[in-house]
Amino acid sequence: MTEAVEKILANYAGESPGVIGNLRRLLNHGRLGGTGKMVILPVDQGFEHGPARTFGPNPAGYDPAYHAKLAVESGCNGYAAPLGFIEAIAHEYAGAIPLILKVNNSDGLGGPESPCSALTSSVEDALRLGCSAIGYTIYPGSDHRNEMYRDLRDLIAEARSVGLPTIVWAYARGQMPKEAETAVDVIAYSAQIACQLGAHVVKVKPPTEVVWQDAAKKHYEDIPVGTLKERIAHVVQSCFNGKRIVIFSGGAAKGTDAVLEEIQSIADGGGFGSIVGRNAFQREHGESLKLLGDIMDIYAKA
Ligand code: FBP
């Protein structure tokens, strides 16, 4: 037990021991175990973007075993994936690394206006597969957001009743242009919604300098958001003043320097960590191990 982890968990007082225990498991596992920071490997892009876009750059990734092994070898805090990928590896990896079952998913074959992920697995599946948490995506900005919020309310209640925490992917999309999805006000707002819905861990994209909502613009005159470090700090503040864990996604594959520069800003801004998929598993095995190690080193020093 470390002070850093226990300080974070104190913000979850009132939760059931099962939920707190699984959060402790996530925070204490892997190379960053005990630091209060976390790096998770998410591999749901096969469902979200399709197999060729996802696994084409590194065909070893068509095999579900590849990702669980990568998550363990690199020392990630956890591994998140939809039902099929978790079912394929759970017999070997449950207990070896915290598994996170992504219980809803959206394919890339529908229209962009009113996105709504389908429920693709259950809390019962998560228990059966030895998972430490469930994951769920909301799309604030979609016409279907209220259905998603209602489903999430039920899922959090069910997961909590059996001691599982919920990680919420908060992705604004739907009735807004692409640049609004990552606007700093929209990211902070989406993160706040996830916290208000009862998320134990929130996951958002790194925000840009854009402020999208007219009603929010004048308030951002007084909030420093000129640098990524400042924007991260604002998102952390928006997650109950740092009392909820918020982690940031890696995004589409990019150069190593760009990835590490972004991670440094996330760490400097007080972010709790990263959930890096494509930038990890789309690289050749040795390179992805090196990059994940370098990412963890940045958080370890934060
Ligand atoms: P990446 O690091 O690959 O961005 O993964 C994080 C993630 O949240 C995945 O879980 C999810 O499939 C993906 O991002 C969604 O990305 P996009 O918004 O580009 O569809």
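Residues numbered from 1 in each chain as written. Predicted model: local features only at pLDDT ≥ 70, side-chain atom pairs only at ≥ 80, totals over all residues. Heavy atoms only, no water.

A. Geometry of the overall build of the chain. Looking only at helices and strands, the chain has 15 helices and ten strands in total. Its C-alpha atoms give the chain a radius of gyration of 18 Å, near enough to 19 Å, the size a compact globule of 302 residues would have. Of all 302 residues assigned to the chain, the portion counted as buried reaches 55%. Once local pairs closer than 6 in sequence are excluded, the contacts in the chain between residues at least 24 apart make up 73%. (Helix = DSSP H or I, 4+ residues; strand = E, 2+ residues; numbered from the N terminus. Rg over C-alpha atoms; globule rule 2.2 N^0.38 Å. Buried < 20%, exposed > 50% of the residue type's maximum accessible area, 1.4 Å probe, protein only. Contact = heavy atoms within 4.5 Å.)

B. Molecular detail of the site of the ligand. The ligand sits among 17 residues. The nearest are Asp44, His49, Tyr171, Lys203 and Lys205. Here Asp44 contributes a side-chain N or O atom positioned 2.6 Å from an oxygen atom of the ligand. Contact with the protein chains hides 90% of the accessible area of the ligand, taken as 470 Å² for the molecule alone. (Near = heavy atom within 4 Å. Polar contact = N/O pair within 3.5 Å; in protein donor to acceptor, adjacent residues only side chain to side chain. Areas by Shrake-Rupley, 256 points an atom, 1.4 Å probe, with all protein chains shown as cover.)

C. Structural view of the state of the cysteines. Under the criterion given, the structure shown has zero disulfides. Cys76 carries a free sulfur, and the closest cysteine sulfur to it, the one in Cys131, is 16 Å from it. Owing to a relative accessible area of 1%, Cys76 belongs among the buried residues under this scheme. (Disulfide = S-S within 2.5 Å.)

D. Main features of the nonpolar core. One finds Tyr79 and Ile138 to be the most contacted residues of the largest nonpolar core, which totals 89 residues. Membership of the second largest hydrophobic core comes to six residues, among which are Val184, Val211, Ala216 and Val225. (Core = buried A, V, L, I, M, F, W, Y, C linked by side-chain atoms within 4.5 Å.)

E. Just helix H8 (residues 145-161), in detail. Helix length check: H8, at 17 residues, gives a terminal C-alpha distance of 24 Å against a target of 24 Å (1.5 Å per residue), a fit within 8%. By the burial criterion, the buried members of H8 are Met148, Tyr149, Leu152, Leu155, Ile156 and Ala159. Looking straight down H8, one finds its buried side chains confined to an arc of 130 degrees; they lie on one side. For H8, the exposed residues set more than 90 degrees away from the buried face come down to Arg153 and Ser161. Phi for Gly163, located one or two positions after H8, is positive at around 85 degrees. (Expected span 1.5 Å × (residues − 1). Arc of directions from axis to C-beta.)

F. Quick look at the side chain of Ser132. For Ser132, the position within the fold is in the loop between helix H7 (123-128) and strand E6 (133-138). Beyond its immediate chain neighbours, meaning those up to four positions away, Ser132 contacts Asn22, Arg25, Pro98, Leu99, Leu164 and Pro165.

G. Molecular detail of the packing of helix H12 (residues 228-238) against helix H13 (residues 256-268). With their axes 7 Å apart at the nearest point, H12 and H13 run at an angle of 45 degrees to one another. The orientation of H12 relative to H13 falls into the category oblique. When the axes of H12 and H13 are compared, the crossing they make is right-handed. Packed against H12, whose contacting residues are Leu228, Lys229 and Ile232, the element H13 presents Glu262, Ser265, Ile266 and Asp268 at the interface. When its residues are assigned to classes, the contact of H12 with H13 shows three nonpolar, one polar and three charged. (Axes fitted to C-alpha atoms, helices over the stretch in contact; angles between N-to-C directions. Parallel < 35°, antiparallel > 145°, perpendicular 65-115°, else oblique. Left-handed = near helix turned anticlockwise from the far one by under 90°. Nonpolar A, V, L, I, M, F, W, Y, C, P; charged D, E, K, R; others polar.)

H. Fine view of unusual backbone geometry. Of note in this structure, Phe240 is not a glycine but carries a positive phi near 55 degrees. One can find Phe240 in the loop between H12 and strand E9 (245-249). Positive phi is not limited to glycine here, since Asn241 has a value of about 55 degrees. As for its position among the elements, Asn241 is in the loop between H12 and E9.

I. Highlighting the pairing of strand E2 (residues 78-81). Here E2 shows two buried faces, one formed by Gly78 and Ala80 and the other by Tyr79 and Ala81. Bridge count for strand E1 (residues 38-42) against E2 is three bridges, and the pairing is parallel. Within the sheet, the bridge partner assigned to Ile40 lies in E2 and is Gly78. Where E2 lies against strand E3 (residues 99-102), three bridges are found, and the strand directions are parallel. Across the sheet, the residue bridging to Ala80 is Ile100, located in E3. Crossover E2 to E3 through helix H6 (residues 83-93) is right-handed. (Pairing = 2+ DSSP bridges. Right-handed = clockwise from strand over helix to strand, strands pointing away.)

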